[in-house]
Amino acid sequence: MDDPSTIGRYEIAERVGRGGMGVLYRGRDPVLDRDVAIKVMSADLSDDEDARGRFFKEAKAAARLQHRNIVTVYEFGEADGKSYIAMEF
């Protein structure tokens, strides 16, 4: 799989890792001029409503928390049919 050059409004710099639910990228938010981490749900899970629900719940749960050891969630979105979470890098 080729890595995308953008996801939503975010410019992709590099792939950081891969996990059970998707791929993590380091990117740049050109609007707010800050580095971000972007977690993209795997293509094979994007048609699975249960997996999409868990992914969304993860984003909502993390967005509710504020602690120096927990990343801040900036956005939950969808681009090119794939769900993603943009968060503090």
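Everything discussed here concerns the structure shown above.
Per chain, residue numbering runs from 1 following the sequence as it is written. pLDDT decides what is reported in this predicted model: residues at 70 or higher carry local features, side-chain atom pairs at 80 or more are listed and counted, and totals for whole chains, interfaces and linings draw on all residues regardless. Where side-chain values are given, they derive from all heavy atoms of the structure, hydrogens and water being excluded.

Caption draft 1: Broad picture of the pattern of salt bridges. The salt bridge definition used is simple: a Lys or Arg side-chain nitrogen within 4 Å of an Asp or Glu carboxyl oxygen. Applying the stated criterion across every chain, the model contains 7 salt bridges. For D29, the salt bridge goes to R9, with nearest N and O atoms at 2.6 Å. With D29 in strand β3 (residues 22–29) and R9 in the loop between β1 (6–7) and β2 (10–18), this residue pair connects regions lying 20 residues apart in the sequence. Partly exposed residues are those whose accessible area sits between 20% and 50% of the maximum for their type, while under 20% is buried and over 50% is exposed, using a 1.4 Å probe and protein chains only. We classify R9 as partly exposed; its relative accessible area is 38%. Where E78 meets R52, a salt bridge forms, and the shortest distance between an N and an O atom there is 2.8 Å. Here the residue E78 occupies a position in strand β5 (residues 73–79), and R52 occupies one in helix α1 (residues 49–64), the gap between them amounting to 26 residues. We count a stretch as a helix when DSSP gives it H or I for four or more residues in a row; a strand needs E for two or more, and each element gets its number in order from the N terminus.

Caption draft 2: How the structure looks around α1. Multiply 1.5 Å by the residue count of a helix minus one, and that product is the helix's expected span. With 16 residues, α1 extends 23 Å from end C-alpha to end C-alpha; this agrees with the ideal 22 Å at 1.5 Å per step. Three or more residues of α1 are buried, namely A51, F55, A59 and A62. Buried residues in α1, looked at end-on, bunch into an arc of 80 degrees, giving them a common side. Opposite the packed face of α1, turned more than 90 degrees from it, sit the exposed residues E49, D50, K57 and R64. Tucked inside the fold, the buried residues of α1 contact β4 (34–41), β5 and β6 (82–88). N or O atoms within 3.5 Å of each other form a polar contact, as long as, within protein, one can give a hydrogen and the other can take it, and as long as residues adjacent in sequence are counted only when both atoms are side-chain atoms. Capping of α1 at its N-terminal end is provided by D48; its side-chain oxygen lies 2.9 Å from the backbone amide nitrogen of D50. The arc in question is traced by the directions running from the helix axis to the C-beta atoms. Contacts were defined at the residue level, with two residues in contact if any of their heavy atoms lie within 4.5 Å.

Caption draft 3: Quick look at the sheet that holds β2. DSSP-based pairing: two strands are paired if at least 2 bridges between them are found. Pairing is antiparallel across the open sheet formed by 6 strands, whose spatial order is β1-β2-β3-β4-β6-β5. Looking along the sheet, the strands with just one partner apiece sit at the ends: β1 and β5. Taken together, the 6 bridges between β5 and β6 define a ladder with antiparallel strand orientation. Considered in β6, the bridge of E75 is made with A86. Packed onto the sheet, α1 meets β4, β5 and β6 and runs at close to 160 degrees relative to β5. For helices, the axis comes from a line fit to the C-alpha atoms of the stretch in contact; other axes are also lines fit to C-alpha atoms, and the angle between any two N-to-C directions lies between 0 and 180 degrees.

Interpretation note: all reported values are geometric properties and have no functional meaning in isolation.
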